[in-house]
Structures are given as structure tokens and as C-alpha cells.
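# Structural overview
Letter by letter, the chains look like this.
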Protein chains: 2
Amino acid sequence: MQNQKRVVLENIRPQINQGTVFIKRVLDELVDVTADVLVDGHDKIQASILYKHQKEKVWREVRMHHVDNDGWAATFQVQKQGFYSYKLQGWVDDALNWQYGIGRKISDNQHVKSELLEGIEYLKPLLKEANKTEKKYLQHVISIFKSDEDYEKAIKEAISDQLETIFTKYPAKFLMNESQEFQVYVDRKKARFSTWYEFFPRSSSEDEGTHGTFKDCHRLLPRIAEMGFDTLYFPPVHPIGEVNRKGKNNTTEAEDGDVGSAWGIGSKQGGHKDIHPELGTVEDFKELVKAAKGLGIDVAMDYALQAAPDHPWVTEHPDWFKWRPDGTVQYAENPPKKYQDILPIYWESKDYKNLWKECLEILFYWIDCGIEVFRVDNPHTKPYYFWNWIITEVKKKHPNVLFLAEAFTKPKVMEQLAKQGYTQSYTYFTWRNTKHELIEYMKDLTKTDRKEYMRPNFWPNTPDINPYHLQGANESKYLQRYALAATLSSNIGIYGPVFEQMIDEAIPGKEEYYMSEKFQLCHYDWFQENKLTKLIGSINKIRHHHASYQQTNNIQFCHIENENLIAFYKWDDEKTDETLTVISLDPYYMQSGHVQLPMHELGIQQGQQVQVHDLITGNSYNWYDEWNYVELHPTLPFHIFKIKK
Amino acid sequence: MQNQKRVVLENIRPQINQGTVFIKRVLDELVDVTADVLVDGHDKIQASILYKHQKEKVWREVRMHHVDNDGWAATFQVQKQGFYSYKLQGWVDDALNWQYGIGRKISDNQHVKSELLEGIEYLKPLLKEANKTEKKYLQHVISIFKSDEDYEKAIKEAISDQLETIFTKYPAKFLMNESQEFQVYVDRKKARFSTWYEFFPRSSSEDEGTHGTFKDCHRLLPRIAEMGFDTLYFPPVHPIGEVNRKGKNNTTEAEDGDVGSAWGIGSKQGGHKDIHPELGTVEDFKELVKAAKGLGIDVAMDYALQAAPDHPWVTEHPDWFKWRPDGTVQYAENPPKKYQDILPIYWESKDYKNLWKECLEILFYWIDCGIEVFRVDNPHTKPYYFWNWIITEVKKKHPNVLFLAEAFTKPKVMEQLAKQGYTQSYTYFTWRNTKHELIEYMKDLTKTDRKEYMRPNFWPNTPDINPYHLQGANESKYLQRYALAATLSSNIGIYGPVFEQMIDEAIPGKEEYYMSEKFQLCHYDWFQENKLTKLIGSINKIRHHHASYQQTNNIQFCHIENENLIAFYKWDDEKTDETLTVISLDPYYMQSGHVQLPMHELGIQQGQQVQVHDLITGNSYNWYDEWNYVELHPTLPFHIFKIKK
């Protein structure tokens, strides 16, 4: 026989995979919870959210309010890093129910003496919890309810707001029902707002043909900081395998002097806990990390779980690799293709516990060297549940550490990695080019459940992807792509200096860089300044000062009757910052159109003046209408407007 | 440290309230299950649905097939009443993976001797499970894989379909992952297809002013059967309270001879397990139930958990009612309204266990008398979890028993009752009148999760609802409402004979019958025949012979460019029956338009002949186009077309 509980709590949101997957927030963000709360019959019900940080013992309570039909809602704020739990409670509120009923009868001029006596049953238990003033008041009410002389006074108090306030404050929670618990993981703010710059440290030398070092990288830090980047991501810095090393342009046979792929990790010089000797020492690396931090820059390390054939693991832990019946080791392959410079880890190894442990030790080692951001290479080729475990283990000790999942694959696979704990995810932005594609993709990311657990990071290019639309593109196109990434998404990154210097020669017919830096040293004029470097710097500065661009989810696209213009309104949770962004998607011609202001969201009426202030040019425009003319030229193909009311 | 499982199973549908609520089917129906099944990397995966009836010990297995992206699907059929469980399994299929890889390499002309040796590892374990023929084949394959001479033969067998079939038949299910279990409850077919007729047995007498009896009801059975009804629902047949009995037209003071409301249950004559003496004896009732069954009619009993003030429970179980501080009993009320002929049950009673038990005993008592269908009065004013318990308890012993929830209230409350186990639910159909309203409502019921757990029952009228659109309506309107109910929904009902005799005088301004039968005897000419009785009979006969009308969910609305014409295509699961229904919503004027045939669903091409055969008139039309002209007159405001290809 079941219990007597009467209140149903269901359709609780956010809720990912029946609550087995935690949602994500950053410090000081809000969690808006909604649910259906219902009871049989017509009784008054109440509901609460209870929440607490993992280190707290006592639940905090925030009362839910009725929204519509049987929908209820409430919001709580997360103020510490780590896990919070939350759950819902719902109960029949007999006291409020009594007050509602007696109120209706009093309005109907019924005699309610019997109801007053009933009311005493709800008042008495409150005496224990009430404070002094309340207690005095309650005793007074009880006495007049009992008395035969104070009927008029009694019915006045019975329906008083003061009594309602006390009832609401000390609910009896009779036959209370409670939901399962849900989890939210809270990161530091960088999880939501970060600006990445990727370069190959081995190309950092001033002298062409010379292998760059961490020491060379130091002189580049001020430039990166000045351009407004806060995360500096290096491809792997570990010893590069010498066996089956790749040659220039991804050839299978390296020639003498070829440096190989940085992702072919491990040689007689060491493995994942070592530094490639040509880059310097671990000490050099730590110094660079420290210097970067001094400029507000996190160095992000590449975490690539695979091994070159000469990685020390191959002899020390042969069980971590797959051996074939003919006694040879299993190279990476995607039949019929073979990748003979890489051995995949054998995740189904019986020795998997030691393998997992070592993978964790690698992270701890570099965290001790000052690393707090990892960009994980091809996470979708390693077991999902491994990621859940390792990310959880790291965050237990080091809640500041962030993980970016480098998976460009099927949507559900990318979502799964986010569900298993990744802080940020690479996205399809790199290939979303038309207005329709961009809007649909943004809606997918920000107007569905994905917004609760998947934080997009928008990259116009990467060493692996030289997108067709950038190959041979003009400066205006590059500006558009950077502006789109940087205003649509709060997490962004570029692979430089090829991006800002528009070095985009491709292998014909492929989205790959010709003579890719992945397989060779490159030489750059690191201090070249151009329109792109200047405007990237300006945009990054705007992002730094405008909270609406420091988040991704508060976005609403605005109507603009031109397929080559995209416009959107963004705001921060407190609406201290409201912006309107208009970007042209045409790199060759002027485009113009009328953009519709989101009047309702802005809380303004037709005819009311709004000033839009262009944060790039400093121009201001006064707008009085809902629809307003804008015109963009390839020379400066976007407006980033601060909205002033 | 977590396990090594690699396959993720998620987004499993159907799934109601995280699988805590069972879905519903009737005998022989299909359960279409879909899920996202994914793995890291590029390995081949497989997935199955395992299912079994509650009385079976061994799971049956049906293999899922890949649909798109990471979506998989499979279907199983339920063939016994009661609960089935189902769950999903997913695994990496190393053997198929091996076969896929070697196939790609062979196509690429690589030498695969090492891969053949690897293959033996996947073949050997199969010898244990394989049948004789397969075993012989496997041994042959192993030998040529090993041999150094049969390389050409070996690579032919390596990629053979025969080997793939054996691998697929005996999967190793390596590191298999399993989902939670889900439940489906299977009812007899009447749960999905039933045609109800409601009347008050006390109005069954031939003589005006005389209280009808069960004996009088016998002579009405053939008429009800001939009209095609299979469920005969009586308002409560228990002794009617004498204290505070209601008078005619819902007046609070009964006059001498007033019969009272049948829902005011209980008097000195007995309670919920007794028969109102003026209707006859329990034996009379049993005989009537039996006679009805002989004509294929289930008598549905009203289950109304409330008591008249003189119900025996009030003295025998005072704890089941709420007593006020002044010593009086709590009447039903919805402040400021009071209902002094009714005492609500006090569900929060400390003696609730005995109360629940007695409620169950009532059901068992009437089930023993031959009742297998209960129409439950106001279930939404009793605790949801009580229904879950009592319905489960009844169905454990009596799986044939069906429950219809009479709740006309907020949508989430009605849904909740269905979730707690009700077989069928009253609906808002009674008030859905325009084309837009009807289509939207049907989509809500049949194209959302509701279709999995909520079975609608469409009633054009009830003793409680004399809808505005029927008050003073003409015959055509009545025909339209019956045709709509009977073709849109497989479960329907009418309150007669007021419906088919168009007795619709209302209390002015209210949707209530004037001089309602709820509070008095009525006298009818029970054998009156008219156009309505004739066409109701014809429609019911069509429903009986056409499987597409025996279910509700397989419906697709067809475009027809006239707001007064509604058209829809229906089919049964096997597509042995396909129908097109066109109904006019205008009771006064001819309406015409072009209806679009669902070409794709019918599997026909433009220009291909389709014959539509009107099942009412016997007319046939040959259609060659996608859009076809139809014209409906108020005299016969619908087409019920059988589609013949």
C-alpha cells in the first residue's frame, strides 16, 4: 500500500537524461527551475526548491511561485565552485487553504464561528517556531478566535495579510512530497567567457629555419595580451616520436630534419609528462606559464591520449596497446587508411585501471606546473565514461581546471562529451556561413536543453580546418568571421598568426592548409599589424567590457529584410548591458536593410527614443522607430551597438 | 573508478516520467522503440530490445536497426494482457568490426594474413553456440584462415554474407551496456475501441411517473445492441441518501417523492455494495449484467467515492470523514458553495489503510457480480497515488477490468490520472467545435507523448454537459457531432436517449440540462426511430467493420480549402483498412472544397486511380488527382470513405 502523499512533482526542468547528467553554470549565475506541481481537488499547495553546495550540510530553501496552469517556477543563484544539489518539495498547505475558504465564506456573509475554531488548529503549532512579535500576535488571534465577543475582530484577523505572511513563513508541509535530487556543476567564469589564441611554439623563433623555444614565446605574450586574448593554447609540447615520423605536408616518410607532428607523442626523450627538448625544459615551460598568467593569460595544454611507436609506454606498459596475432602492435587505422606514426590506446585493456590512473597522473603533473586549461584532442575516440571519471577526479581537487573537447563529429557524440563533463566544446560554427545556417545553429545551441550542459566555443579556423569560405577570401570576409564568432559566442578562438595574416593557401579541394604547420616549422612576422589585428583587438576589448557578450544564451535574432545581414540582440542576466549587433555576410558589396528593434524585450514603446552607440566607430544614432535603417560596407562590415534607453 | 562500458544508450522512447510511468497498449499492438545508441570512435555497434511478459522468466530479444545519425529503432508486439517489461542493450560488436575492417583492406588490395589470424579469435567462441551446419562451416573457415595455401578462399569467406549472418546471430556483447527497465501495460482490446451508451435505469419504465427497474431495462438491451453500442453505462445504482436529498432541478430541499441524485450514495438501505431497492435486487442487477453480456454489451458501473450523510460508513467509520471542532461533519464544499447532500471522503484520515481496503473491496464485490468496466466519478478530487494503488490491485487479479476517468478539469490533472493507470479518459472534445480546435486537439492527443498513456473517450454530451452548440441545434449538427466523435476517436459515448432524441432544453445561460435527469425520473419513448438513431447505428456498424476507426492515433489531417470542412485519413497498423473521412461543420448550408489525398502515405502516384467508396450511401467515386472535389449538404453532412487502390 502506497503512502498518502497527494502532491505530484513532475516535468522538472532543467533535467538532462533523467537527472543523471548534471547541468552547468559559472559563478554567480542563476538556475531557473520550472516544474508541474499539482494536487487532487482544489486545495492550496505550495512548493519549494531546496539547494545546497556539496560542502554545505543544510539545505537552503527558495519558495516557488505559481506561473500558469499547474506550472511553478523559482530561481536560485550559485555562488561557489563545485557541485550543487537541488530538489523540489511540494505540499498541501492546510493553513492557507483554511484562510482561503474562510475568506470566501466571509465575503458571502456566512457565519464562520466553526471555521474560526478550526483555524486555531493551524495557529497553535506555529507558536513553537514564531519569533517574539509573531508569537504575541498569534496568541492574540487565538484568543479572539476562541472568544464569543470578538467575532468582528476575529473575522478581520482571519483574513489578514499578517496571518497569511506567518502561514507562508512557517508552512506545516503536511504529507510533503519530494523529488529526486539534481546536480549543477559550477565553474569559474572563464568556463563561459574566454578568448583563445592558438599557435605552435616551435614556430616562434625570430630566425627562419630555427626551432622556436618557450624562451622565444615570451616576447609574443605582450602582443597576445594586447590583442585581448586570455587563453593561449599550444599544440602538444611533448617529445615527438622518431619512429615512422611524418614528413612535411603529411607525407609518410620524414626526411632528415623534419620535425614531425606534435601529436605523435613520445620518444626516447620521454612521454606525456615530458617536454620536447627542442622547445626547452620543464622549467622553461613553467616560467612561460607563469609569465602568461602575469598578463592574465591561461596557457592551455593539449591533452592527446595516443602514443608514437617509440613512446616509453609501449615497452613499459605493453598491455595498454593492442597486439595482433602476428606479434606486431596495432597502429591507428580507419580502414583502409593506416596511421603508422600513431598507436591508439587500447581502452579495453585488462590493465585499464592502471592506464586510467596514469592518464589522471599526467593531468595532475601539469596542473602542478601551473596549467588550468586543457584542450583535449579527439576525445570522441576514447570511452565516454572514462571522461566522466577523469574530469570528475580532476575537478574534485582542482575546480579551476577547464576542459575543451576537440570533437568535430556527429552531433550526438559531441553532446555526449559535454554531458560527460567537458567544460567547453568545439562546434560546427567553422562551417556555418549563411544567415539561415547561423540562426538555426544558434537556436540549437541556446534555445534547447543543450544550453544547460554544452558550452560552445566558436573557431573560425584551426590547424586542422582551413574552411573553403576562407580560402582566398578577402579581408572583409575575415573580419566578418571574427566578428560573428566573437559576438555570437562568448567562448571563441583562432589559430594564428595564419588567421590575422590571412595565410590560407590550401591543399587543392581540401579544407586543409598547404604545407601545414602540423608537420613543419613556419616562420612568421609576429609583429605585423593590419586592419585585422586592430579590429580583433577592438572586438576583444568590447567583449571584455560588455557583459552581454560574455555569455552566449541570452540572444534574440532581430528581423532584418536582407539575407546578407544578420542582426541580434544580446543582454546579460541583470540587463545592465544590452547590445545590438548587425553583421554583413557579403564581403564584396554594400548591404542595407531595416532592422527591427525588440521593443518588448527592451521595454520600450513605439516613438520612444533609443540611442545606439557604435562601439567600434564611436558614432551614435537616435532611433525613434521599431524598424531602423542600417547600411554596411565591406570596409567595416559590422555594427556593434550598445543600446542606451 | 567506473566500468569500461563504451556504448551509451539514451533518449529512449517511449518514456514517460523517466520510465516511472508505464505506457499502454492493447493486445497485439506494437511498441515502437527508438533510442540514441552511440560509441566512441568508429567501432561497429549493435543494440537489442529485450522484453518479456510479467509471467515470463526469459527475455525475448529483438535486434534494433540503425535509422539515421545515432538513432536506432525496433518494434515488438505485445500478445498477452498484463505488464511487459522492456529494456535496451548496446554493445561494441568486435566481430562485425573485424569483418568491416578486413573488407575495406581487401578492397584496397592490402595483404590481410595478419587480419585473418585475428579473425580466428572471433570465430572460435562461436563454435559453442552454433548449430551443426554452422559449426561445420566455422571449422572450415578457421582452417582456411590458418592455412598458408588457401589465401584467396580465405579472403572470400572473410567477407562473406554467411559469416556476417553468423556473427550477427551470436553476438559476443562485449562490454555490453543495459538501460533501465520500462513497463508497458497491455489491456484487452476494448480499452482502445468501445462505444458507450449512458442512461438512467430509473427512467426505463414504460409507465410515466413510475420508477424504472433493472427488469424494465432488459427490454432496452436489444435496441442498444442493434444501434451498435457495446458498453452500457449506468449512473450509480446504490441506495440514495435520504438526509439532505436534492430536489428536482438541483434544489436543496427535496419534496415528497423526489428521487434525489444517484450520486448521493448511501442510506439506511445500504452503501456502495448495495442496490437501490427501487431498482431491484442484486440478483436482478446480476441478471441484467449477464443478459447484456449475452448481447456483447459490458455494463459499466459508476464508482463514486463519496457518501450521503446517512451512508452506513458515517457511523461505522467516522474516521473516514472530517469532523469539525464543533462536532459536525464536514460537507462537500467549494467555498462559498456547500453541497449538503454529500460528504467527501477524508483521504488524510489516519485510518486510511482500512479506507483504501474497503474501496478495493467494493470493486471486487461488483467484479464478482459481472462488472468489468468502471466509470469513475470525479477521480481528480481523490489522491492520485490512491488510484495508482487501487487500479494496480484490481488489474493484478482482474486484468480485463477497465477504468474510465470522469475528470473534466485542467489538462495536467487529466494527464496525471491517465499516468496513474486509468484505461480511458473523458476529454475536451465536448467543447471542441471549430476545425482549428478539433485539429489542434487531435494533434495534442495523438502526436505527443500523450498517445502512449492517455486513451481519449469522446462524448458529445453527458448528463452534466449540455454544450451550448447543441442547445437548440438542428439534426444536422447532432449528426456532425456524432460523426466527429465516432470517426476521430475509437472510444466514444453518448448520454441517451436525450442525444438521439435531441432533448436539449437548458437552464438558461448554462451548459446544464433543464429538469435534469440527475435529480428526477424522466419518461422516454424508448423505441422512437429517427434519422439520428438510424445514422448512429450505421456509423457504429462501420466502426465495427473498419479497423482504421478502431484506433485513434493513426490519423493524418488532409488539406481541404474550406474552414467548414474537416478531412482526415486513418489506417490500422497493418494498413489493411484505409479510410478518408470528410465532415461538414456547417449545419445550415452546403459546403464544398477540394480535398488533398495523402499520396505519399497511400503509396500512390499522381494519375493513379483511387476509388473512394462511401460506406453510408454506397456510392463510389474514382479519383485520379491529388486534389478532389467534395460537396456536403446538411442532410448528410459527412463522407465516410473506404479507400480502395
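The preceding data block contains the structure.
Residues numbered from 1 in each chain as written. Chains lettered and ligands numbered in written order. Predicted model: local features only at pLDDT ≥ 70, side-chain atom pairs only at ≥ 80, totals over all residues. Heavy atoms only, no water.

## Some points on the overall build of chain A
The line we're drawing: Under the scheme used here, helices are H or I runs from DSSP no shorter than 4 residues and strands are E runs no shorter than 2 residues, and both carry numbers assigned from the N terminus. Each residue is assigned to one of three classes by its accessible area relative to the maximum for its type, calculated with a 1.4 Å probe on protein chains only: buried under 20%, partly exposed between the two thresholds, exposed over 50%. Contact criterion: two residues are considered in contact whenever any of their non-hydrogen atoms come within 4.5 Å of each other. For accessible areas, the Shrake-Rupley method is used with a probe of radius 1.4 Å. Any residue's cover is judged against the shown protein chains and nothing else.
On a plain count of helices and strands, chain A comes out with 17 helices and 30 strands. Each of the three principal axes of chain A carries a C-alpha extent, and together these read 110 × 65 × 45 Å. A total of 645 residues make up chain A; the buried ones form 60% of that total. Summarising the internal contacts of chain A: among those between residues at least 6 apart in sequence, 75% fall at separations of at least 24. Split by element, the accessible area of chain A, about 26,200 Å² in all, is 48% carbon and sulfur.

## Things to note about the interface of chain B and chain A
The criterion, for reference: Criterion for a salt bridge: a side-chain nitrogen of Lys or Arg within 4 Å of a carboxyl oxygen of Asp or Glu. Polar contacts, as counted here, are pairs of nitrogen or oxygen atoms within 3.5 Å of one another; within protein the pair requires one atom able to donate a hydrogen and one able to accept it, and residues that are adjacent in sequence qualify only if both atoms are side-chain atoms. As a working rule, the residues Ala, Val, Leu, Ile, Met, Phe, Trp, Tyr, Cys and Pro are called nonpolar, Asp, Glu, Lys and Arg charged, and the rest polar, with Gly in that last group.
Each side of the interface is counted separately: chain B has 66 residues, and chain A has 66 residues. At the junction of chain B and chain A, the tally comes to 14 salt bridges. Linking Arg-324 of chain A and Glu-118 of chain B is a salt bridge whose minimum nitrogen-to-oxygen distance equals 2.9 Å. Joining chain B to chain A, the criterion identifies 39 residue pairs in polar contact (both at pLDDT 80 or more). Looking at the side of chain B that touches chain A, the elements that each hand over two or more residues are strand 1 (8-13), strand 3 (30-38), helix 1 (94-107), helix 2 (113-123), strand 9 (174-178), helix 11 (352-368), helix 12 (384-397) and helix 13 (411-419) of chain B. By residue number, the principal contributor to the side of chain B that touches chain A is helix 2 of chain B, which donates six residues. For the side of chain B that touches chain A, a count of residues per class yields 21 nonpolar, 20 polar and 25 charged.

## Digging into the packing of aromatic side chains
As a reminder of what qualifies: Stacked, edge-to-face and tilted labels apply to pairs of Phe, Tyr and Trp rings (six-membered ring for Trp) whose centres lie within 6.5 Å, assigned for plane angles under 30 degrees, over 60, and everything in between, in that order. Whether a charge sits over a ring comes down to the Lys NZ or Arg CZ being within 6 Å of the ring centre and within 35 degrees of the ring normal.
Evaluation of the coordinates by the stated rule reveals 93 aromatic pairs over all chains. With 5.7 Å between their ring centres and 80° between their planes, Tyr-495 of chain B and Tyr-513 of chain B make a pair best called edge-to-face. Placement of the pair is Tyr-495 of chain B in strand 22 (residues 491-495) and Tyr-513 of chain B in the loop between strand 22 and helix 17 (531-545), with a sequence separation of 18 residues. This pair shows no difference in class: Tyr-495 of chain B is buried, exactly as Tyr-513 of chain B is. An aromatic cluster is present here, built from Tyr-197, Phe-199, Phe-214, Phe-229, Phe-234, Phe-285, Tyr-365, Trp-366, Tyr-524 and Trp-526 of chain A joined pairwise through their rings. Note that Arg-432 of chain A overlies the ring of Tyr-441 of chain A, its terminal NZ or CZ placed 5.2 Å from the centroid. Lying across the ring of Trp-59 of chain B, Lys-52 of chain B places its NZ or CZ 5.0 Å from the centre.

## Some details on a positive patch on the surface
To keep things clear, this is the line we draw: The patches reported here contain residues having more than 30% relative accessible area and no salt bridge. Joining distances are 9 Å for like charges and 5 Å for nonpolar side chains (Val, Leu, Ile, Met, Phe, Trp, Tyr). Asp and Glu are treated as the negative residues and Lys and Arg as the positive ones, with His and the ends of the chain left uncounted. Charge placement uses NZ in Lys and CZ in Arg. For Asp and Glu, CG and CD serve respectively.
Taken together, the side chains of Lys-44 and Arg-104 of chain A together with Lys-337 and Lys-510 of chain B present a region of like positive charge at the surface. Looking at the secondary structure, you find Lys-510 of chain B in the loop between strand 22 and helix 17.

## A few points about the relation of the copies chain B and chain A
Note the threshold: We superpose the copies by least squares over the C-alpha atoms of residues that have a pLDDT of at least 70 in both of them.
Least-squares fitting of chain B to chain A yields an RMSD of 0.1 Å, with the superposition described by an axial translation of 0.0 Å and a rotation of 180°. The superposition operator between the copies reduces to a two-fold rotation axis. Among all residues of chain B, the minimum C-alpha distance to the rotation axis is found for Gln-18 of chain B, at 2.8 Å. Comparing interface residues between copies, 100% of those in chain B also sit at the interface in chain A, which points to an isologous, same-surface contact.

## Points about the pairing of strand 4 (residues 45-53) of chain B
Residue and element names in this part refer to chain B. This is how the line gets drawn: DSSP-based pairing: two strands are paired if at least 2 bridges between them are found.
For strand 4, the tally of buried residues reaches nine of nine residues, placing the bulk of the element in the interior. Taking every second residue as pointing to the same face, both faces of strand 4 are buried, with Ile-45, Ala-47, Ile-49, Tyr-51 and His-53 on one and Gln-46, Ser-48, Leu-50 and Lys-52 on the other. Pairing of strand 4 with strand 5 (residues 60-63) involves four bridges; the strand directions are antiparallel. Paired with Ile-49 across the bridge in strand 5 is Val-62. Hairpin connection, strand 4 to strand 5: the antiparallel pair is bridged by six residues.

## Concerning the pairing of strand 19 (residues 402-406) of chain A
All names here are of chain A. Put simply, the rule is: If the strands point away from the viewer and the path from the first strand over the helix to the second runs clockwise, then the crossover is right-handed.
When you tally the buried positions in strand 19, you get five out of five residues, the bulk of the element. The two faces of strand 19 match: Leu-402, Leu-404 and Glu-406 on one face and Phe-403 and Ala-405 on the other face are all buried. Strand direction decides the pairing type here: strand 18 (residues 373-377) and strand 19, joined by five bridges, are parallel. Looking across to strand 19, one finds that Phe-374 is bridged to Phe-403. At this point the chain moves from strand 18, through helix 11 (residues 384-397), to the parallel strand 19, and the crossover so formed is right-handed. Bridge analysis of strand 19 against strand 20 (residues 424-426) gives two bridges, and the strand direction is parallel. Directly across from Ala-405, in strand 20, lies its bridge partner Ser-425.

## A look at helix 3 (residues 132-146) of chain A
All names here are of chain A. Going by this rule: Multiply 1.5 Å by the residue count of a helix minus one, and that product is the helix's expected span.
Between the first and last C-alpha of helix 3 there are 21 Å, a value that for 15 residues agrees with the 21 Å anticipated at 1.5 Å per step. Buried residues of helix 3: Glu-134, Tyr-137, Leu-138, Val-141, Ile-142, Ile-144 and Phe-145, and no others. Against the buried residues of helix 3 lie helix 1 (94-107), helix 2 (113-123), helix 4 (151-158) and helix 5 (161-169). You can read the cap of helix 3 off the contacts: a side-chain oxygen lies 3.3 Å from the backbone nitrogen of Thr-133, and it is on Asn-131.

## Some thoughts on the pattern of salt bridges
Residues and elements named next belong to chain A. Counted under the stated rule, the structure contains 84 salt bridges over all chains. For Lys-396, the salt bridge goes to Glu-393, with nearest N and O atoms at 3.0 Å. Note that Lys-396 and Glu-393 are positioned in helix 11 at a spacing of three residues, about one turn of the helix. Linked through salt bridges whose partners overlap, the residues forming this network are Arg-188, Lys-190, Asp-230, Lys-293, Asp-298 and Glu-372.

## Here we look at the side chain of Ser-85 of chain A
Residues and elements named next belong to chain A. Along the chain, Ser-85 falls in strand 8 (residues 82-92). On the accessibility criterion, Ser-85 (12% relative accessible area) is buried. Side chain to side chain, Ser-85 and Gln-183 meet in a polar contact 3.3 Å long. Leaving out residues up to four positions away in the same chain, Ser-85 has contacts with Leu-50, Tyr-51, Lys-52, Trp-59, Glu-181, Phe-182 and Gln-183.

## Points about unusual backbone geometry
Cis geometry is found at the peptide bond from Pro-335 of chain B to Pro-336 of chain B, where omega equals 5°. By secondary structure assignment, the location of Pro-336 of chain B is in the loop between strand 15 (332-334) and strand 16 (337-339). Backbone torsion omega between Gly-496 of chain B and Pro-497 of chain B reads -5°, so that peptide bond is classified as cis. Note that Pro-497 of chain B resides in the loop between strand 22 and helix 17. Look at Asn-11 of chain A: it is not a glycine, yet its phi comes out positive at around 55°.

## Some thoughts on the sheet that holds strand 27 (residues 610-614) of chain A
Residues and elements named next belong to chain A. Put simply, the test is: What counts as an axis is a line fitted to C-alpha atoms, over the stretch in contact for a helix, and the angles between N-to-C directions run from 0 to 180 degrees.
With respect to topology, six strands assemble into an open sheet ordered 23-24-25-30-27-28, the strand pairing being antiparallel. Each having just a single partner strand, strand 23 (555-557) and strand 28 (620-623) make up the two edges of the open sheet. Within this sheet the neighbouring strands show an average axis-to-axis angle of 25°, counted without direction. Its contacts with the sheet place helix 15 (residues 475-488) against strand 23, strand 24 (565-571), strand 25 (578-584) and strand 30 (638-644), and it is angled at close to 155° to strand 25.

## Here's the deal with helix 15 of chain A
All names here are of chain A. The terminal C-alpha atoms of helix 15, which comprises 14 residues, lie 20 Å apart, in line with the 20 Å expected from a rise of 1.5 Å per residue. Counting buried residues in helix 15 gives 13 out of 14 residues, a clear majority hidden from the surface. Looking at where helix 15 begins, the residue whose side-chain oxygen comes 3.2 Å from the main-chain nitrogen of Ser-476 is Asn-474.

## Considerations on the sheet that holds strand 19 of chain A
All names here are of chain A. What the eight strands build is an open sheet, ordered 21-20-19-18-13-12-11-22; its pairing is parallel. Looking at strand neighbours, the two that pair on one side only are strand 21 (456-457) and strand 22 (491-495), the edges of this open sheet. Sheet topology places strand 11 (residues 194-198) next to strand 22; five bridges connect them, and they run parallel. Within strand 22, the position partnered with Glu-198 by the bridge is Tyr-495.

## Thoughts on the packing of helix 2 of chain A against helix 3 of chain A
Residues and elements named next belong to chain A. For clarity, the threshold we go by: In this scheme, roughly parallel covers angles under 35 degrees and roughly antiparallel covers those over 145, while 65 to 115 is roughly perpendicular and the rest are oblique. A crossing counts as left-handed when the near helix is turned anticlockwise from the far one by less than a right angle, and as right-handed when that turn is clockwise.
Interaxial distance between helix 2 and helix 3 falls to 9 Å at its minimum, and their mutual angle equals 150°. Relative to helix 3, helix 2 is oriented roughly antiparallel. Like other packed secondary-structure pairs, helix 2 and helix 3 cross with a definite hand, here left-handed. In this structure, helix 2 uses Lys-113, Leu-116, Leu-117, Ile-120 and Leu-123 to contact helix 3, whose residues at the interface are Leu-138, Val-141, Ile-142, Phe-145 and Lys-146. Its residues placed into classes, the contact of helix 2 with helix 3 shows eight nonpolar, no polar and two charged.

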